[in-house]
Amino acid sequence: MLKVVVLGYGELAQSIILGILQSRHQLVGVMRWQKDLFKDIFIPDGLLSLIKVNNIKEIRAERANTEKFIREIKKLKPDVIIVGSWGEIINKKAITLPKVGFINCHPSFLPKHRGSNPYTSAIRQGEAETGVTFHLMSEKIDAGDILLQEKIPIKVDETGETLRLKCALKAKEMVGVLLDGLEKGEILPVKQDEKEASYFPPVSEDDVMIEWREPADIIHRQIRSLLPGMYCYAEFKDNFLVVKSAAVIRLETACHIPGLVLNKSKTGILIATGDSKKAILLENVEVYGFL
């Protein structure tokens, strides 16, 4: 039986914790990335609720690159530390603390889609599949040796949120297998192929602005990749349209003027794109600007 500490936030961290609790291994501590005293008291998130319900020790250090974290880990003496979403590049001093390994769970099929939001980037790039990868932590982002990974198909109507939940569920299924394999010495680290690596930075302003000269399918992937936590925006006269859902519509008559409003109705706004035979129907639109 391995002693395990988990660092993280959100659905990925929660799923990893549930997977460990359902395994034969011992979860000896959890450290949350996001802490808010007011919310913790009045509206605790799912991760904090999970910690309390299962009487798990919460590590109170602010970050992993602190002396307090190192002291706490030395007391707990974990065999494995697993990260499930984190906002800090962890230094070598912390990485070398656990007996077996400091492991990151990254929601993509590495070495593809390294970075902080692989759900968005995988959908935007039109990938047919992604995955979940458990790999050894290094000081380079998502670049450590691979221990275990599995693929996940991406549906044609996939959103960033549905893909996030699918990856979290897959991580839950995998973590017990990972720990069993590490305990038995059956898992060997495999170096990532840097020739196949891709990295995508955090979502920027450019990523949320719609460019109508792009083909309809690319615009649709852009919109879906951010939903429902973020939205795309489109300029419309002196206003901005906030796009909360959209669909690709095939045109009976070709239109060669990207951005042209083809139709407005109660169901949405139909706009021409860089694909003369396809338009985007903007549904559930809100208008912001100078009315």
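The structure reproduced in this document is the subject of the present report. (Residues numbered from 1 in each chain as written. Predicted model: local features only at pLDDT ≥ 70, side-chain atom pairs only at ≥ 80, totals over all residues. Heavy atoms only, no water.)

1. A look at the overall build of the chain
- In terms of regular secondary structure, the chain is built from 9 helices and 11 strands.
- Expressed as lengths along the three principal axes of its C-alpha atoms, the size of the chain is roughly 70 × 45 × 30 Å.
- Relative to all contacts within the chain whose residues are 6 or more apart in sequence, the contacts with residues 24 or more apart total 65%.
- Of the roughly 15,200 Å² that the chain leaves accessible, carbon and sulfur atoms contribute 53%. (Helix = DSSP H or I, 4+ residues; strand = E, 2+ residues; numbered from the N terminus. Contact = heavy atoms within 4.5 Å. Areas by Shrake-Rupley, 256 points an atom, 1.4 Å probe, with all protein chains shown as cover.)

2. Points about the pairing of strand β3 (residues 80-84)
- Judged by how many residues are buried, β3 sits mostly within the fold: 5 of 5 residues are covered.
- Every second residue of β3 is oriented toward a common face, with Val80, Ile82 and Gly84 on one face and Ile81 and Val83 on the other, all of them buried.
- Across 5 bridges, strand β1 (residues 3-8) lies against β3 in parallel orientation. Across the sheet, residue Val4 finds its bridge partner in β3, namely Val80. (Buried < 20%, exposed > 50% of the residue type's maximum accessible area, 1.4 Å probe, protein only. Pairing = 2+ DSSP bridges.)

3. Considering the packing of aromatic side chains
- Tallied over the entire structure, the rule returns 1 aromatic pair.
- The interplanar angle of 65° and the centroid separation of 5.0 Å between the aromatic rings of Trp33 and Trp86 together place this pair among those described as edge-to-face. Residue Trp33 is found in the loop between β2 (26-32) and α2 (37-42), and its partner Trp86 is found in the loop between β3 and α5 (92-95); the two are separated by 53 residues along the sequence.
- Here Lys151 stacks its cationic end above the ring of Phe109, 5.1 Å away from the centre of that ring. (Phe/Tyr/Trp six-rings, centres within 6.5 Å; stacked < 30°, edge-to-face > 60°. Lys NZ or Arg CZ within 6 Å of the ring centre and 35° of its normal.)

4. A look at the environment of Gly101
- As for its position among the elements, Gly101 is in strand β4 (residues 101-106).
- Sequence spacing of Gly101 and Pro78 is 23 residues, and the spatial spacing of their C-alpha atoms is 9.3 Å.
- Leave out the neighbours within four places in its chain, and Gly101 touches Asp79, Val80, Ile81 and Leu136.

5. Brief notes about the state of the cysteines
- This structure, assessed with the given rule, holds 0 disulfides.
- With no disulfide partner, Cys167 has as its closest neighbouring cysteine sulfur the one in Cys105, 8.4 Å distant.
- Take Cys167: its relative accessible area is 0%, and that puts it in the buried class.
- Cysteine Cys232 shares no disulfide, and the gap to the nearest cysteine sulfur, in Cys167, comes to 20 Å.
- Residue classification places Cys232 among the buried residues on the basis of a relative accessible area of 0%. (Disulfide = S-S within 2.5 Å.)

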